[in-house]
Amino acid sequence: MNDGRRGILLDFDHTLFDTDRFFWVDLKSAFARFGVPNDAWERTYEAIWPLGYSLAKHLDELERLGVIAGQDIRRTMLDTLEADFSDLSAYLFSDVPGFLKAARHRGFDLILLSFGDPAWQSYKVRASGLAPLFQKIVYTVKQGGKGELLDDLGSSYAELRAIDNNPADLDSMKTRHPNLLTHLISRV
C-alpha cells in the first residue's frame, strides 16, 4: 500500500558526493604523504575497486605488493587516514544539503541507493553527515543491481523519482519500473 507516498532515489558517488576530488586528489595525496607513489596507488586502487573499496583493503593490497612494509606502518596509515577523513561534508556538492532539505520539506521520502562495498559506502555517508536525512539507505555490490533493489521499494510509493549520474543504472531501474521518473545528473 503506497498511501500517496512520494520518494526520491538518490545515488551517492558522483551525484551527491564529489568522489573524484575525494579519491583522485585528496586521498591519493594523503597516501603520497606516506611515500606511496602515484602509480602504485592507482594500480592497487584499480585492483581492489571491483571487489568493493575500503581503506583497509587498499592498504592490504599495497602491503601485499611490498609498497608498504609491516603491520605497524599499515595500522599507522589506517589510523591517520581515518582521522584525516572523518568529516567528509566538504566533499558534498554545494547544492546537495539544500536540495535534500527542500525535498524533505515538500514531503518526499529520501532513499539512498548506492553501489559499492556496504561498509565503505556507509562510512562515507555517515562521515558526510547525510545519513540522518534519508528514510532508507540501501547499498549493492552488484554493478547494475539498483534495478533489482528497486523491486522491493517501488510498490511502496505512488510517485517515485531517481537521480543518478549513471545512465545505465537509470535505464535498468526504468526498465523494471516504467512509472519511475528518472533524472540524469552530470557533475564531472
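The structure reproduced in this document is the subject of the present report. (Residues numbered from 1 in each chain as written. Predicted model: local features only at pLDDT ≥ 70, side-chain atom pairs only at ≥ 80, totals over all residues. Heavy atoms only, no water.)

**Quick word on the pairing of strand S3 (residues 136-140)**
Cut-off, in case you're wondering: Here, strands pair whenever DSSP counts at least two bridges between them. Counting from the N terminus, the helices are the DSSP runs of H or I reaching at least four residues and the strands are the DSSP runs of E reaching at least two. Convention used here: a crossover is right-handed provided that the path from the first strand, over the helix, to the second strand proceeds clockwise when the strands point away from the viewer.
Bridge count for strand S2 (residues 108-115) against S3 is 5 bridges, and the pairing is parallel. Considered in S3, the bridge of Leu113 is made with Val138. Traced from S2 through helix H6 (residues 118-128) to S3, the parallel crossover comes out right-handed.

**As for the packing of helix H1 (residues 19-32) against helix H2 (residues 38-48)**
Angle between the axes and distance between the axes are the two parameters that describe a pair of packed helices. Heads up, the rule is: The convention used is that axes are lines fitted to C-alpha atoms, helices contributing only their stretch in contact, and that angles between N-to-C directions extend from 0 to 180 degrees. Each helix crossing is assigned a hand: it is left-handed if the near helix lies turned anticlockwise from the far helix by less than a right angle, otherwise right-handed if that turn is clockwise. Should any heavy atoms of two residues lie within 4.5 Å, those residues are counted as being in contact. As a working rule, the residues Ala, Val, Leu, Ile, Met, Phe, Trp, Tyr, Cys and Pro are called nonpolar, Asp, Glu, Lys and Arg charged, and the rest polar, with Gly in that last group.
Closest axis-to-axis distance for the H1/H2 pair is 10 Å, and the angle between their directions is 115°. Of the two elements, H1 crosses H2, and the hand of that crossing is right-handed. In this structure, H1 uses Phe23, Trp24, Leu27, Lys28 and Phe31 to contact H2, whose residues at the interface are Asn38, Trp41, Glu42, Tyr45 and Glu46. Here the contact of H1 with H2 is composed, by residue class, of 6 nonpolar, 1 polar and 3 charged.

**Observations concerning the sheet that holds strand S1 (residues 6-10)**
Hydrogen bonds along the backbone pair up the strands of a sheet, which may run parallel or antiparallel. Reading across the sheet, the 5 strands line up as S3-S2-S1-S4-S5 and stay open at both edges, with parallel pairing between neighbours. Unpaired on one side and paired on the other, S3 and strand S5 (181-184) mark the two borders of the sheet. For this sheet, the mean inter-axis angle between neighbouring strands, taken without regard to orientation, is 20°. Docked against the sheet, helix H5 (residues 96-105) engages S1, S2 and strand S4 (159-164), running at close to 135° with respect to S2. Of the strands in this sheet, S2 and S3 touch H6, which is tilted by about 140° from S3.

**Comments concerning the pairing of S2**
As a reminder of what qualifies: Burial classes follow relative accessibility: with a 1.4 Å probe on protein chains only, a residue under 20% of its type's maximum area counts as buried, one over 50% as exposed, and anything between as partly exposed.
Taken across its 8 residues, S2 has 7 buried, putting it largely inside the fold. In the sheet, S1 pairs with S2 via 5 bridges, with the strands oriented parallel. Bridging from a neighbouring strand, Arg6 pairs with Phe108 of S2.

**A short note on the nonpolar core**
Stated precisely, the cut-off is as follows: For our purposes a nonpolar core is just a set of buried Ala, Val, Leu, Ile, Met, Phe, Trp, Tyr and Cys residues, chained together by side-chain atoms within 4.5 Å.
The biggest cluster of nonpolar side chains holds 42 residues, and the ones touching the most others in it are Phe22, Leu27, Phe31, Tyr53, Phe85 and Leu130. When contributions to this core are tallied by element, the ones reaching two or more residues are S1, H1, H2, helix H3 (55-64), helix H4 (71-84), H5, S2 and H6. Considering each element in turn, this core owes the most residues, 5 residues, to H1. Apart from the residues lying within four places of it in its own chain, the contact partners of Phe22 are Phe17, Leu27, Phe85, Leu88, Tyr91, Trp120 and Lys124. Counting 12 residues, the second largest nonpolar core, distinct from the first, contains Leu113, Val138, Leu170 and Leu180.

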